Amino acid sequence: MLKELTSFKNLFQDFWCPTFYVEGVNKFQKHFDAKDNDVFVASFPKSGTTWLKALTFAIANHQRFSSVDNHPLLSSNPHELVPYPEFMYSNDMHDQILSLSNMSEPRLLSTHLPFHSLPESITKSNCKIIYICRNPFDTFVSAWEFFTKIKPEFTFEEAFEKYCNGITVFGPWWSHMLGYWNESITTPNKVLFLKYEDLKEDTVFHVKRIAKFLDSPIIQGEESSTVIENIIKLCRFEKMKDLEVNKSGCIFDVLEKKNFFRKGEIGDWMNYFSPSMIEKLSKIIEEKLGGSGLSFKVHS
Ligand code: A3P
């Protein structure tokens, strides 16, 4: 079924929702019951979701798992620890849906839905959302590499044309980003907005921002710097890529865990884009994001 991730019929609620997901999104919107202390990791696909899930899990569970030697992140993939309820609803995974109510609190959950399509129980409750996005150049390359491995459907050029028209899983990417961006400005206590490039450039600073947003005690006390350093080390790209648990096996049946850890760099797009592609995407970024205050660093 996930091989159909890039099959869309029409825009659904103003976004390109994979056809097999539509019914599940409806059910998620209707039945999901958010708790005030829930934390959602929200993202546009291929923006660093896996990394943010790992960091958020380690920060939020610091008191439960203070030792990094037998930490759950060493034996489980971040997507298993921070699941997508919308996926459970899309696949009628009744047992998993039921088990959501027994998860230890605060529940850490995730979503790829645009802000305007989140269930009301999420937007209206006090639960918090940490959103990550990434410069549109690297996001595109990362997505193309990832989805081509699942289903080699389009050439790089064909996929690029679609991407420029917003036609990509959960796209248009610009409205996805802007939905959370605007919300993070109007309700900063509800939505924390992060960019992959910023997280890479100054991980300590942004981990502290996440911890503060979650009211985590890790930013206080004498041990604070060591705790933060250990969390960052635990979630480092090279460390996670090298873990047995992330080297083999699949999540959701067809998504190979190893494919979530490719290069983890800023600027890999330069190895892929022609000058005319650079010009075209730069213009779209200016047209869609110009004036919003949202901009990206595109190379390291
Ligand atoms: P690349 O394909 O450019 O390497 P997502 O988790 O949203 O699917 O995003 C995947 C991207 O994040 C991939 O980018 C992947 O390599 C990168 N990534 C995964 N884990 C990471 C980590 N711990 N630190 C930095 N980048 C990471």
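Residues numbered from 1 in each chain as written. Predicted model: local features only at pLDDT ≥ 70, side-chain atom pairs only at ≥ 80, totals over all residues. Heavy atoms only, no water.

Peer 1: Whenever I open this one, the packing of aromatic side chains confuses me. Can you help?
Peer 2: We describe a pair of aromatic rings using the distance from one ring centre to the other and the angle between the two ring planes. On inspection of all chains with the given rule, the structure shows 29 aromatic pairs. An angle of 40 degrees between the planes, with centres 5.8 Å apart, marks the rings of phenylalanine 28 and tyrosine 89 as tilted. With phenylalanine 28 in helix H1 (residues 22-31) and tyrosine 89 in helix H4 (residues 85-90), the pair connects residues that are 61 residues apart, well separated along the chain. On the basis of an interplanar angle of 10 degrees and a centroid distance of 4.2 Å, the ring pair of tyrosine 131 and tyrosine 180 is categorised as stacked. Taken together, the residues tyrosine 131 in strand E3 (residues 128-133) and tyrosine 180 in helix H9 (residues 173-186) connect sequence positions 49 residues apart. One exposure class covers both tyrosine 131 and tyrosine 180, and it is buried. Put simply, the rings of Phe137, Phe140, Trp144, Phe156, Phe160, Tyr163, Trp173, Trp174, Trp269, Tyr272 and Phe273 touch in pairs and so form one group of aromatic residues. Against the face of tyrosine 84 rests lysine 53, its NZ or CZ located 3.6 Å from the ring centre. (Phe/Tyr/Trp six-rings, centres within 6.5 Å; stacked < 30°, edge-to-face > 60°. Helix = DSSP H or I, 4+ residues; strand = E, 2+ residues; numbered from the N terminus. Buried < 20%, exposed > 50% of the residue type's maximum accessible area, 1.4 Å probe, protein only. Lys NZ or Arg CZ within 6 Å of the ring centre and 35° of its normal.)

Peer 1: What exactly am I supposed to notice about the site of the ligand here?
Peer 2: Surveying the vicinity of the ligand reveals 17 residues, the closest of which are Lys46, Thr49, Thr50, Ser142 and Lys263. Taking threonine 49, its side chain carries an N or O atom lying 2.5 Å from an oxygen atom of the ligand. At 2.6 Å from an oxygen atom of the ligand is found a side-chain nitrogen or oxygen belonging to serine 142. Calculation on the ligand without its partners gives an accessible area of 570 Å², and the protein chains cover 98% of this total. (Near = heavy atom within 4 Å. Polar contact = N/O pair within 3.5 Å; in protein donor to acceptor, adjacent residues only side chain to side chain. Areas by Shrake-Rupley, 256 points an atom, 1.4 Å probe, with all protein chains shown as cover.)

Peer 1: When you look at the sheet that holds E3 in this model, what are you seeing that I'm missing?
Peer 2: The pairing of strands in a sheet comes from backbone hydrogen bonds and takes either a parallel or an antiparallel form. The strand order E2-E1-E3-E4 describes an open sheet built from four strands, whose pairing is parallel. Looking at the sheet topology across the chains shown, the edges are occupied by strand E2 (108-111) and strand E4 (191-195). If you compare each strand with its neighbour and ignore which way they point, the axes differ by 20 degrees on average. Where strand E1 (residues 39-43) meets E2, four bridges bridge the pair, whose relative direction is parallel. Bridging across to E2, alanine 42 finds its partner in threonine 111. Along the sheet, helix H11 (residues 203-213) contacts E3 and E4; its crossing angle with E4, the most-contacted strand, is approximately 170 degrees. (Pairing = 2+ DSSP bridges. Axes fitted to C-alpha atoms, helices over the stretch in contact; angles between N-to-C directions. Contact = heavy atoms within 4.5 Å.)

Peer 1: Where do I start with the environment of phenylalanine 32 in this structure?
Peer 2: Position of phenylalanine 32 relative to the elements: it lies in the loop between H1 and E1. For phenylalanine 32 and phenylalanine 205, which are 173 residues apart along the polypeptide, the C-alpha to C-alpha distance reads 33 Å. Setting aside its immediate chain neighbours within four residues, phenylalanine 32 contacts Lys27, Asp38, Phe40, Pro85, Tyr89, Leu100, Arg107, Leu109, Pro119, Ser121 and Ile122.

Peer 1: It is not clear to me how the layout of surface pockets should be interpreted in this structure. Could you clarify?
Peer 2: The space that makes up the largest pocket amounts to roughly 670 Å³. Taken together, 39 residues form the lining of the largest pocket, with Lys46, Gly48, Thr49, Thr50 and Phe260 sitting closest to its centre. Those elements that place two or more of their residues in the lining of the largest pocket are helix H2 (49-60), helix H7 (136-150), helix H10 (196-201) and helix H13 (237-241). Within the lining of the largest pocket, the residues separate by chemical class into 21 nonpolar, ten polar and eight charged. (1 Å grid on protein atoms, 1.4 Å probe; cavity = no way out; pocket = protein on both sides within 12 Å on 5 of 7 lines; lining within 4 Å. Points joined across faces, edges and corners; volume = space filled by probe spheres on them. Nonpolar A, V, L, I, M, F, W, Y, C, P; charged D, E, K, R; others polar.)

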